[in-house]
Structure formats: structure tokens, C-alpha cells
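What follows is the residue order along each chain.
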Amino acid sequence: MPLARDVTLLNNRTSRPVPLTKMGFGGAPLGNLYREISEEDAQDALQTAYDAGIRYFDTAPQYGLGRSEMRFGTALQRFGRDTLQLSTKIGRLLLDCAPDEVTPEAFVNVPQKRIQFDYSYDGVMRSYEDSRARIGIDNADILLIHDVCAFSQGSQEMSDQRVRELFDLGGYKALSELRAAGEIAAIGAGVNEWQVCQRLLELADFDGFLLAGRYTLLEQEALETFLPLCEARDVGIILGGPYNSGILATGAVPGAKYNYGEAPPPIVTRVNQIEAVCQDHDTPLIAAALQFVLGHPSVKTVVPGASNAAEVAANVALLERPIPAGLWSDLRSRGLIRPDAPLPEEPTHAS
């Protein structure tokens, strides 16, 4: 398996560590994110990932209001549950509803469900039970608190409220009990902001975080306090969104996306500068973006998006593409990445 990597998300809190391949597969696109994905394309994408050696798969109830989890379940019947590591999330219950009450968020062609946020003890237990039924499994390996960040909740005030609910209403207690009983091996959060991860880690014991888009070739603010805390606490990072919603994959083309919206001019300018250095070293910007994040010791796996087999194969090829060490040093000397950002290991055949 070319993507095998001798790392674990954790090994100091449980007798059941969670080994991760250096690339994972994220399930949001297979929930029909922004556009419909056929069942054939979804299963081909999952199969291509598995055949390439990817053994970490992440999904959530939100992704297509259960559609992503159900598609994972179909694939697991082929793969075998014990051949891979799986994470899903809590925080959104999917409730039966009338057709005009469906809350698809950014997903299309979804089941007739509405979302109810619930971070209580009963909400966590019910969400996990429902996820297991949709996927057709006895247990997940990692259970993540979903979207308690200000970006997802709409304000810092609502983020703070959700965090209080998690602790005051027993959601964290439920997660801890599931971990202690061996039902799951690891607990954490899947969010779009590192600040709420740091707050959670300061409040309680977590094993890892799925952080989307906040430690990338374009952004390294998390190096100031959060990632050092992760190193000190032996907490692993699953790095989602390495392309910052697209601009580090497409380059600063007209209409390029950053953080789920159109990229503002300062971001466009910075990406153009980064891409110019990549071109000097005959390296695609997207390859540099994908590999850069793995230079940090707390980042255990990177999870780029893919909605079909071709995109999965392309991501695998990008991860394995040799990158000259001079590219990283030039980015650093020009102030385009932080001087304290750990860099990927230099390949023996780098120029």
C-alpha cells in the first residue's frame, strides 16, 4: 500500500490505537455536496481509494442527510469493516419531516429529513446509534463533535453556546463513556476553526481533531498556540480542506474559491506569489499544498476532497510526486510560509 504510514491518531489514552494512512477519504462530496453524484461514481471513488491503499474514511450525518453514510455502508460490505479506520460525527440529528421542512444545507437530492442540532448526552447517543444503523456497523473508530465553530454556527456567541451545551447537557460525558467502554477508540471534533479546537482541548481530554482549511500552504496561524498545544498533549490532527476550498488547487483563477466563498484580493495576490515559486521549481501548486501540511508532526493524515475515481487517483499521484526541497526554502525566504512551519521531509532524489 503506497499510502501506508506508521502513525496513529493516538496511543496514550486507549488500548486500541487508531492507525491512519497518510491520506484519508472525506465523505462530504458523496453526500451530493453542491451537485448530485451518481451511485456508480460514488462507489467507484470509494473503491479507487481503497485500491490505492487509503484506509481512513470519514463521513457524517450532515453529508447529504445520511446519504454519504449509507454509501459508505455499501462500500464496507465489499471492503470488510476490520480492514479500515472509520470516523463519523455527532451534533446533528436527522429527523423525519414533511417535504417542505427538509434542510439540505449545501447538499442536493437528499432524503426527506430535517436537521436538529443536539449536543446533549441523549443526542450524542442517538446520533451515534443512527449513524451505525445507516452505515451498517457495530462501531466507529473515531467519533467527532461536528461544527461547534463560529464559522458553522454563524457567530462566536452561538459557538460558545454549543460548547456549553456539550458539557452542561452531557454530550462530552457520552463521548467519554463510549470511549471508556471501548465502543470507540478516539474522540475529538470536526470543525473549520482551530480556535474552538484549542478551547475544547483546554476544557477536557480529546484525542484528535479534524481541522478543515486552517493549517495550509496559505494559512499557518494555528502554529502560534494551537499546534504547539497538540504536540505537548500528543493530540493528532486530521487535516481536511488542504486546498482552502479550492484556490490552492485551481490557482488564483477568476472566481477561485477560498473558505467556501469567492477569494478576496489579498488572498488572490498571495496565492499568485506562492504559485510563482512553485512554477520556478516545476511543481504544481496543488501538489505543494497537499504535501506541505504533512510536514507538521501533529498532522497524521490529510483528507482532500474527491467525488469520483479520477479525482481520487489524481490526489494519490499528487501526494507521491517528488517536490524539490528548494521550493520550501524559497517560500520561507520570501515570507510566503512562516519561518516556524515544519517542512515535509526532503526526498533523496530532490533537486
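This is a predicted model, so every value here is computed, not measured.

## Observations regarding the overall build of the protein chain
Phase 1 of the analysis: What the protein chain contains, in helices and strands, is 13 helices and 14 strands.
Phase 2 of the analysis: Its C-alpha atoms give the protein chain a radius of gyration of 19 Å, near enough to 20 Å, the size a compact globule of 351 residues would have.
Phase 3 of the analysis: The principal-axis extents of the C-alpha atoms in the protein chain amount to approximately 55 × 45 × 40 Å.
Phase 4 of the analysis: A total of 351 residues make up the protein chain; the buried ones form 55% of that total.
Phase 5 of the analysis: If you average the places of the 31 positive and of the 46 negative side-chain charges in the protein chain, the two averages end up 1 Å apart.

## Points about the environment of Y63
Phase 1 of the analysis: Structurally, Y63 is set in the loop between β4 (56–58) and α2 (67–79).
Phase 2 of the analysis: A relative accessible area of 12% places Y63 in the buried class.
Phase 3 of the analysis: In sequence terms Y63 and R35 are 28 residues apart; their C-alpha atoms lie 12 Å from each other.

## What about the pairing of strand β11 (residues 236–240)?
Phase 1 of the analysis: The buried fraction of β11 amounts to five of the five residues, a majority that puts the element mostly inside the structure.
Phase 2 of the analysis: Residues of β11 alternate between two faces, with G236, I238 and G240 on one and I237 and L239 on the opposite face, all of them buried.
Phase 3 of the analysis: Relative to β11, strand β10 (residues 208–212) is paired through five bridges, and the arrangement is parallel. Paired with A212 across the strands is G240, a residue of β11.
Phase 4 of the analysis: In this view, the connection linking β10 to its parallel neighbour β11 by way of helix α8 (residues 226–233) has right-handed handedness.
Phase 5 of the analysis: In terms of strand pairing, β11 meets strand β14 (residues 299–303) through four bridges, oriented parallel. By the bridge assignment, I238 is partnered in β14 with T301.

## Notes on the nonpolar core
Phase 1 of the analysis: If you look at the biggest cluster of nonpolar residues, it comprises 93 residues, and the most contacted ones within it are F25, F57, F209, L217 and F226.
Phase 2 of the analysis: Looking at which element gives the most residues to this core, the answer is helix α11 (residues 285–292), with seven residues.
Phase 3 of the analysis: If sequence neighbours within four positions are ignored, F226 has contacts with W194, C197, Q198, F209, L211 and I237.
Phase 4 of the analysis: Counting residues in hydrophobic clusters, the runner-up holds eleven residues, among them V18, L20, A185 and L210.

## Structural notes on the packing of aromatic side chains
Phase 1 of the analysis: Counted under the stated rule, the structure contains 15 aromatic pairs.
Phase 2 of the analysis: Note on W194 and F226: the rings are 6.4 Å apart at their centroids and 20° apart in plane angle, and the pair reads as stacked. With W194 in helix α7 (residues 194–203) and F226 in helix α8, this residue pair connects regions lying 32 residues apart in the sequence. Of the two residues examined, W194 and F226, each falls in the buried class.
Phase 3 of the analysis: An aromatic cluster is built from F167, Y172, W194, F206, F209 and F226, whose rings are joined through pairwise contacts.
Phase 4 of the analysis: Its guanidinium or amino end placed over the ring of Y50, R55 lies 3.6 Å from that ring's centre, counting from NZ or CZ.
Phase 5 of the analysis: Here the guanidinium or amino end of R132 rests over the ring plane of Y128, the centre of that ring lying 4.7 Å away.

## Some remarks on the pairing of strand β8 (residues 142–146)
Phase 1 of the analysis: For β8, a buried count of five out of five residues is recorded, marking the element as mostly surrounded by other parts of the structure.
Phase 2 of the analysis: Every second residue of β8 is oriented toward a common face, with I142, L144 and H146 on one face and L143 and I145 on the other, all of them buried.
Phase 3 of the analysis: Here strand β5 (residues 85–90) runs beside β8; their pairing, made up of four bridges, is parallel. The partner of S87 across the bridge, within β8, is I142.
Phase 4 of the analysis: Pairing of β8 with strand β9 (residues 186–191), which is carried by five bridges, proceeds in the parallel orientation. Directly across from I145, in β9, lies its bridge partner A189.

What counts, and where the lines are drawn
- What you see as residue numbers is a count from 1 along each chain, following the sequence as written.
- In keeping with the predicted nature of the model, local features appear solely for residues at pLDDT of at least 70, side-chain atom pairs appear and are counted solely at 80 or more, and the whole-chain, interface and lining totals rest on all residues.
- Working from all heavy atoms in the structure, the side-chain values ignore hydrogens and water.
- Under the scheme used here, helices are H or I runs from DSSP no shorter than 4 residues and strands are E runs no shorter than 2 residues, and both carry numbers assigned from the N terminus.
- Our radius of gyration looks at C-alpha atoms and nothing else; its globule reference is 2.2 Å times the residue count to the power 0.38.
- Three labels apply to residues, based on accessible area from a 1.4 Å probe with only protein chains included: buried if under 20% of the type maximum, exposed if over 50%, partly exposed otherwise in between.
- As used throughout, the charge tally considers Lys and Arg to be positive and Asp and Glu to be negative, leaving His and the chain termini uncounted.
- Charge coordinates come from a single atom per side chain, which is NZ of Lys, CZ of Arg, CG of Asp or CD of Glu.
- Only strands joined by at least two bridges in the DSSP assignment are considered to pair.
- For a crossover, the right-handed case is the one in which the path from the first strand over the helix to the second runs clockwise, viewed with the strands pointing away from the viewer.
- We define the nonpolar core as a collection of buried residues of types Ala, Val, Leu, Ile, Met, Phe, Trp, Tyr and Cys that are connected through side-chain atoms lying within 4.5 Å of one another.
- Whether two residues touch is decided by their heavy atoms; if any such pair falls within 4.5 Å, the residues are in contact.
- Each pair of aromatic rings taken from Phe, Tyr and Trp, with Trp reduced to its six-membered ring, is defined by centres within 6.5 Å and is described as stacked if the planes are under 30 degrees apart, edge-to-face if over 60, and tilted in the remaining cases.
- Over a ring means this: the NZ of a Lys or the CZ of an Arg is within 6 Å of the ring centre and within 35 degrees of the ring normal.

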